[in-house]
Amino acid sequence: MDFTEIYRQSSALVSFSPGAHFILTALADRLVIRRSDTFHVSRSWQVPSLPSPSAAAVTLASSRPSNNVPQSTTISQIAWSPDSEYVFAVCAKSGIVCAFRMRDEDWTARIDTGAEGLLRAEWAPDGRHVLCFSEWGLRVTVWSLVTGAATYIQYPLHPDRGHAFRQDGRYFVLAERHKSKDTIGVYDAADSFRLTRHFPLPTSSLSSLALSPSGSHIAVWEGPLEYKLFILSLMGDVLGSFKPDPEPVFGIRNVVWHPSGMFLAVSGWDNKIHILEQLTWSRIATLELGVRIPADVVRTLFRVVSP
């Protein structure tokens, strides 16, 4: 087995491009892109060190001098656009996102989230919009790299889950909380993320959601203390629900749709996976995960075949 030389990076921020032709790494306040076959540097950009006026106004100056890179320009997140045309670097401390273009090294875009803060960012499926999640669950801001326009969506429930795009990227589904109640907002990504539908949820403390491959059904489930699953249409109608009997102590851990959308796998903290079918949303099978793997299976997994 051959190994390359060691390349420097910060905070394990390393990402392959969607086509696996390039490797993106972050080093303090700099982005470096290497070819995955030769590891030669293809692009390199430095995040501007000048903090935004709003970030500077709310950030207390450190009393200890330091020769290191300023904390406000340290990169905390990196990501490729789905078409590998753009990359962005997030500096959460300063509340900025800097985007760069592979085909034009001089092209840059800077997103300043202001005093509302910035937790994380992610690409929309079209690779031309950036979603910025602010602190305290205040809002999601959708920025267009083409027009520079911004669309604001208020009160997302979670910054790292509870939202999904339809497979074709046309609609954006977001779990929100308005007036202490869980709700769902459906936004048209092809029309500047215009709100097309908004409806309440039967959950009291939504944990997350999963959108079916066809985009016609939404599975939502309660937090970690309650094992309840609901299936809704994009119109907001409750089509079915699931709650095992007896109910486990803890709630649902993960929910995954079958690629065809005909089945739904629901797993909890009790080492059981329940399979639901789409017609009646009832359970058709339960898979129990054993604590120990049988010895014959272990021997099969680790058997070494001599040439």
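You'll find the structure just up there.
In this text the structure is predicted, and so the values were computed from the model without any measurement.

J.: For this particular structure, what's the right way to read the overall build of the protein chain?
T.: Per the secondary structure count, the protein chain includes 2 helices and 24 strands. Going through the 307 residues of the protein chain one by one, you find that 43% of them count as buried.

J.: Would you mind going over the sheet that holds strand β21 (residues 252-257) with me for this structure?
T.: The strands that make up a sheet are held in pairs by hydrogen bonds between backbone atoms, and each pair lies either parallel or antiparallel. Across the sheet, which stays open at both edges, the 4 strands sit in the order β21-β22-β23-β24 with antiparallel pairing between neighbours. Pairing within the sheet leaves two strands with one partner each, and these edge strands are β21 and β24 (283-288). For this sheet, the mean inter-axis angle between neighbouring strands, taken without regard to orientation, is 20°. Examined bridge by bridge, β21 and strand β22 (residues 263-268) share 5 bridges and lie antiparallel to one another. Looking across to β22, one finds that Val256 is bridged to Ala265.

J.: Please clarify how the sheet that holds strand β8 (residues 108-112) should be interpreted in this entry.
T.: Ordered by their spatial adjacency, 4 strands build an open sheet running β5-β6-β7-β8, and the pairing between neighbours is antiparallel. Whereas interior strands pair on both sides, the edge strands pair on one side only; in this sheet they are β5 (77-80) and β8. Ignoring which end each strand starts from, the neighbouring axes of this sheet average 15° apart. Sheet topology places strand β7 (residues 96-101) next to β8; 5 bridges connect them, and they run antiparallel. The residue bridging Val97 from the neighbouring strand is Ile111, located in β8.

J.: So what exactly am I meant to see when it comes to the packing of aromatic side chains here?
T.: Here a ring pair, both rings aromatic, is described through the centre-centre distance and the interplanar angle of the planes. Per the counting criterion, the structure on display carries 12 aromatic pairs. On the numbers, 5.7 Å between centres and 15° between planes, the contact of Tyr7 with Phe39 is stacked. Of this pair, Tyr7 sits in the segment before β1 (14-16) while Phe39 is found in the loop between β3 (30-35) and β4 (41-46), placing the two residues 32 residues apart along the sequence. On the basis of relative accessibility, which here comes to 27%, the residue Tyr7 falls in the partly exposed class. Between Trp45 and Phe100 the ring centres are 5.0 Å apart and the planes differ by 15°, which places this aromatic pair in the stacked class. Here Phe100 lies in strand β7 and Trp45 lies in strand β4, a separation of 55 residues in the sequence. The pair Trp45 / Phe100 is uniform in exposure class, with both members buried. Within the aromatic cluster, the residues linked to one another by ring pairs are Tyr86, Phe88, Trp107 and Trp123.

J.: When you look at unusual backbone geometry in this model, what are you seeing that I'm missing?
T.: Apart from glycine, the bulk of residues carry a negative phi angle, and the bulk of peptide bonds sit in the trans form. Omega for the peptide link from Asp245 to Pro246 comes to 0°, which places this bond in the cis form. Tracing the sequence through the fold places Pro246 in the loop between β20 (238-242) and β21. Phi at Ala12 is positive, roughly 55°, even though this residue is not glycine.

J.: Is there a simple way to think about the environment of Leu174 in this case?
T.: Assignment of secondary structure puts Leu174 in strand β14 (residues 171-178). Exposure remark for Leu174: the relative accessible area of 0% places this residue in the buried category. Along the chain, Leu174 and His163 lie 11 residues apart, while their C-alpha atoms are 4.4 Å from each other. Excluding residues within four positions of it along the chain, Leu174 makes contact with Val140, Ile153, Pro156, Gly162, His163, Thr183, Ile184, Gly185 and Tyr187.

J.: I keep staring at the nonpolar core and nothing clicks. Help me out?
T.: Nonpolar side chains tend to gather and get buried jointly when the protein is soluble and globular. Ranked by internal contacts, the top residues of the largest apolar core, which has 18 residues, are Leu31, Ile33, Ile75 and Val87. When contributions to this core are tallied by element, the ones reaching two or more residues are β2 (22-27), β3, β5, β6 (86-91) and β7. Beyond its immediate sequence surroundings of up to four residues, Ile75 is in contact with Leu13, Ala26, Ala28, Asp29, Arg30, Leu31, Val47, Ala89, Val90 and Cys91.

J.: Sorry, what's going on with the side chain of Glu116 here?
T.: Here Glu116 lies in the loop between β8 and β9 (120-123). Looking at Glu116, its side chain comes within polar contact range of the side chain of Arg139, at 2.4 Å. For Glu116, the residues in contact, after removing those within four places along its chain, are Ser134, Glu135, Leu138, Arg139 and Thr141.

J.: So what exactly am I meant to see when it comes to the pairing of β9 here?
T.: It is a general feature of regular strands that their side chains alternate between the two faces of the sheet. Where β9 meets strand β10 (residues 129-133), 4 bridges bridge the pair, whose relative direction is antiparallel. The residue bridging Glu122 from the neighbouring strand is Leu131, located in β10. Connecting β9 to the antiparallel partner β10 that follows it, the hairpin turn spans 5 residues, and Gly127 within it adopts a positive phi of roughly 70°.

The rules behind these values
Residues numbered from 1 in each chain as written. Predicted model: local features only at pLDDT ≥ 70, side-chain atom pairs only at ≥ 80, totals over all residues. Heavy atoms only, no water. Helix = DSSP H or I, 4+ residues; strand = E, 2+ residues; numbered from the N terminus. Buried < 20%, exposed > 50% of the residue type's maximum accessible area, 1.4 Å probe, protein only. Pairing = 2+ DSSP bridges. Axes fitted to C-alpha atoms, helices over the stretch in contact; angles between N-to-C directions. Phe/Tyr/Trp six-rings, centres within 6.5 Å; stacked < 30°, edge-to-face > 60°. Contact = heavy atoms within 4.5 Å. Core = buried A, V, L, I, M, F, W, Y, C linked by side-chain atoms within 4.5 Å. Polar contact = N/O pair within 3.5 Å; in protein donor to acceptor, adjacent residues only side chain to side chain.

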